[in-house]
Every structure is written in C-alpha cells, then in structure tokens.
Amino acid sequence: MVTLIDNAARPRHPEKANRPESIVLRKPDWIRVKAPGSPVYKETQQIVRENNLVTVCEEAGCPNIGECWSKKHATMMIMGEICTRACAFCNVRTGLPTGLDPNEPENVAKAVAKLGLEHVVITSVDRDDLADGGAQHFADVIRAIRAATPKTTIEILTPDFLRKEGALEIVVAAKPDVFNHNLETVPSKYLKVRPGARYFHSIRLLQRVKELDPTIFTKSGIMVGLGEERNEVLQLMDDLRSADVDFLTIGQYLQPTKKHYPLQRFVTPEEFKSFATVATAKGFLLVSSSPLTRSSHHAGEDFANLKAARLARLGH
C-alpha cells in the first residue's frame, strides 16, 4: 500500500507550535508599504512561476516585494523552500527538505536572462542535510548565470556552512561579485534568535572569504528591535570591520506571527541614521541603515556604489 503525504497539510513551522504567543505590535507610519500589484510586478511573478523558482521575497514575507518586483528585481532562493534550521525570527518553512533539483541552475539562469537583470541576488535555505551544505549547488548556479548572461553581476547570500569542511572554498572559487552572510543579531541573542548558528563562526567565515579572494566584496546584515543594546550593535560593527567586511545593512525586525520571536520595539528612523553615521566612521565602504533595509534591497545600485567607494579609497 502506498501512503500519500499531503505536504500542504503540514504546519509551516512545526517547531514553533508549542511556543507561547506574543502580541504582534502595530507598525508605525514609517514602516508601512504599498500593496503589490503593478503590471511589471505580475510579469515578474509569471517569470518566477514559469521557471519553477522559489524567491526569498515571498517565503520570508519581505515588505519590499512590491517595490522590487515592480522593477523586475527578485531574490532567487535555491535548494528548495524548506530549511533544516528553525531560527526564531524567520518565516521560511522548516522541516526535512527534498533532494536538489539538477535543473535549477539552468532555470535560474534562464529567469535572470528573461528579467534582464544587470545584478542578481541568489540566496538559499540552510541545507545541513547535505555533505557540503549546498556549496557545489551555489557554484553551479553562479556558473550557469555567467554562461547565460556574462555581464550580470552576482551577489550571493549564503548559510554559514557550519561544520562543512571545504564548502566555503567551493563557493568562493566560483567567484561571485558579492559574498553576503548575515549575522542577523548581536551575540547575546543567538541562543534564542539563531540557535543553530555560532556568532564567531560567521565572523570567521566572512574573514576567510577575503583571505581566499580579496577582490570579492563582503557584506553582512542585522535586524534591530530584538532587545539588543546600542553598545552591542557598535561592538558587532567592530567585529565585522576586524574581518574586513565592506558593506553593512541594518533593518527593522518585523515579527512574522505570534509564534515567532517577540518584537521588542520599533527603532526610530533617527536611530537608524545614527547607526549609519557610526558605521561609516568605522570604515565600512557602504552602509544601508533604515527601517525597511533588507539584505537585497537596492542591491544593484548598492553594488555600483560599492565599486565606486573602493576605487575612491584606492585613490582612483
């Protein structure tokens, strides 16, 4: 007898079922965005569907999806839509993933070509079930895009490849233009917010990218509003600079559901500006700090600014 498993009936976050519920705070005016629905947004949506692609824009419930998709900017999420970790802040589905799709690199490359992207961001779920954490799949996607659209610059947002020896080297060898790995929060919040990760492993990973290939831009981001102290954020900036990270993003944490990590407060636009001022003074080539800042928001424009900032620092 064959038993059919109804995936749709599975809860999105089974590990959060027994967590206590918390009140989801009402958003202030400065965090509100327009609902998506422009013709270009729908065209982008159709291209994503036709190529069987998953986007982090949808899976993580990004507030900027209307703006980005209306410009044909979509962040592709490879290796499926099910993550092997269960971070308390994240809205991506968790559970046991399916096997890798061997056609995915080609499908992603086709979508990039159809969208006419000059700059593309590729991210993924955590795949702790794979021997290399999905490193080779990242490399295959990068090379497929290079073959299809050689002028497209490529930014990747990767997992930490924790305890996957040699994985980082595989990804760096494929030569992405920007290597992004988010710290997400300050060290004191890791056990509750990002329990499957290790703060200093992530710092070391970013440092190692620069050691392997100094030409690759490195980038990391955090959320605020999780209960962190200002001095902790400033120390995190110093830690990233010690790893020679080029670009820092800081955005407001938005609680996806009552079962997710409780939002402590909405950080004001003035505080975000203050963080940007301090981070710039600490030596980052580029800083994006605002309530709606997300890792891949305005990524194309940011890449152009990164290149210009590097040239300026070199005196060109």
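Structural data are supplied above this passage.
About the criteria used
- Residues numbered from 1 in each chain as written.
- Predicted model: local features only at pLDDT ≥ 70, side-chain atom pairs only at ≥ 80, totals over all residues.
- Heavy atoms only, no water.
- Pairing = 2+ DSSP bridges.
- Helix = DSSP H or I, 4+ residues; strand = E, 2+ residues; numbered from the N terminus.
- Axes fitted to C-alpha atoms, helices over the stretch in contact; angles between N-to-C directions.
- Contact = heavy atoms within 4.5 Å.
- Polar contact = N/O pair within 3.5 Å; in protein donor to acceptor, adjacent residues only side chain to side chain.
- Salt bridge = Lys/Arg side-chain N within 4 Å of Asp/Glu carboxyl O.
- Buried < 20%, exposed > 50% of the residue type's maximum accessible area, 1.4 Å probe, protein only.
- Core = buried A, V, L, I, M, F, W, Y, C linked by side-chain atoms within 4.5 Å.
- Expected span 1.5 Å × (residues − 1).
- Arc of directions from axis to C-beta.
- Phe/Tyr/Trp six-rings, centres within 6.5 Å; stacked < 30°, edge-to-face > 60°.
- Disulfide = S-S within 2.5 Å.

A. Looking closely at the sheet that holds strand β4 (residues 178–180). The seven strands are arranged β1-β2-β3-β4-β5-β6-β7 in an open sheet whose pairing can be described as parallel. If you trace the sheet from one side to the other, it starts and ends with β1 (76–78) and β7 (286–289), each paired once. Recorded for the sheet is a direction-independent mean angle of 20 degrees between the axes of neighbouring strands. Pairing analysis gives three bridges linking strand β3 (residues 153–157) to β4, with the strands arranged parallel. When the bridges of β4 are listed, L157 appears paired with N180. Sitting on the sheet, helix α5 (residues 135–148) is in contact with β1, β2 (119–124) and β3, with an inclination near 165 degrees to β3. Contacts from helix α9 (residues 230–242) reach β5 (217–224) and β6 (247–252) within the one sheet, and its direction differs from that of β5 by about 165 degrees.

B. Inspection of the environment of N91 at higher detail. Relative to the helices and strands, N91 resides in the loop between β1 and α4 (104–115). Along the backbone, N91 and T257 are 166 residues apart, and their C-alpha atoms lie at a distance of 8.3 Å. Here H13 takes part through its side chain, which lies 3.2 Å from a polar atom of the side chain of N91.

C. Spatial organisation of the pattern of salt bridges. What the rule picks out here adds up to 15 salt bridges. Of the charged contacts in the structure, one is a salt bridge between R146 and D177, with a shortest N-O distance of 3.1 Å. Here R146, found in helix α5, pairs with D177, found in the loop between α6 (167–173) and β4; they are 31 residues apart in sequence, far enough to count as distant. Judged by its relative accessible area of 26%, R146 falls in the partly exposed class. Several salt bridges converge on common partners, so that one network encompasses R85, D126, D128 and D160.

D. Broad picture of the side chain of T185. If you trace the backbone, T185 turns up in the loop between β4 and α7 (190–193). With near-sequence residues (within four places) excluded, T185 lies in contact with Y190, V193, Y199, I222, L226 and L236.

E. Here's a closer look at the nonpolar core. Grouped together as the largest cluster of nonpolar side chains are 37 residues, with contacts concentrated most on V108, I122, F138, I145, I156 and F179. When contributions to this core are tallied by element, the ones reaching two or more residues are β1, α4, β2, α5, β3, α6 and α8 (199–212). A197, I222, L236 and A276 belong to the second-largest nonpolar core, a separate cluster that totals 24 residues.

F. Highlighting α8. Taking 1.5 Å as the rise per residue, α8 with 14 residues should run 20 Å; its terminal C-alpha atoms sit 20 Å apart, in good agreement. Listed as buried for α8 are Y199, S202, I203, L205, L206, V209 and K210. All buried residues of α8 lie within an arc of 155 degrees about the axis, which places them on one face of the element. Buried positions along α8 lie against α6, β4, α7, β5, α9 and α11 (299–313).

G. Representation of unusual backbone geometry in the model. Positive phi outside glycine occurs at K175, with the angle close to 60 degrees. Among the structural elements, K175 can be located in the loop between α6 and β4. Residue K175 is classed as partly exposed on the basis of its relative accessible area, which comes to 43%. Here the phi dihedral of E184 falls at roughly 75 degrees; this positive angle occurs in a residue that is not glycine.

H. Local environment of the packing of aromatic side chains. According to the stated counting rule, one finds four aromatic pairs in the structure shown. Between Y199 and F200 the ring centres are 4.8 Å apart and the planes differ by 90 degrees, which places this aromatic pair in the edge-to-face class. Taking relative accessible area as the criterion, Y199 reaches 5% and is therefore assigned buried. Where F217 meets F303, the ring centres are 5.9 Å apart and the plane angle is 90 degrees; that geometry is what we call edge-to-face. Pair noted here: F217 is in strand β5 and F303 is in helix α11, with a separation of 86 residues, a long-range link.

I. Structural view of the state of the cysteines. Under the counting rule described, the total for this entry stands at zero disulfides. In this structure C83 is not part of a disulfide, and its nearest cysteine sulfur, from C90, lies 6.5 Å away. By relative accessible area, which is 9% here, C83 ends up buried. Cysteine C90 remains unbridged, with the sulfur of C87 as its closest cysteine sulfur at 6.3 Å. For C90, a relative accessible area of 22% puts it in the partly exposed group.

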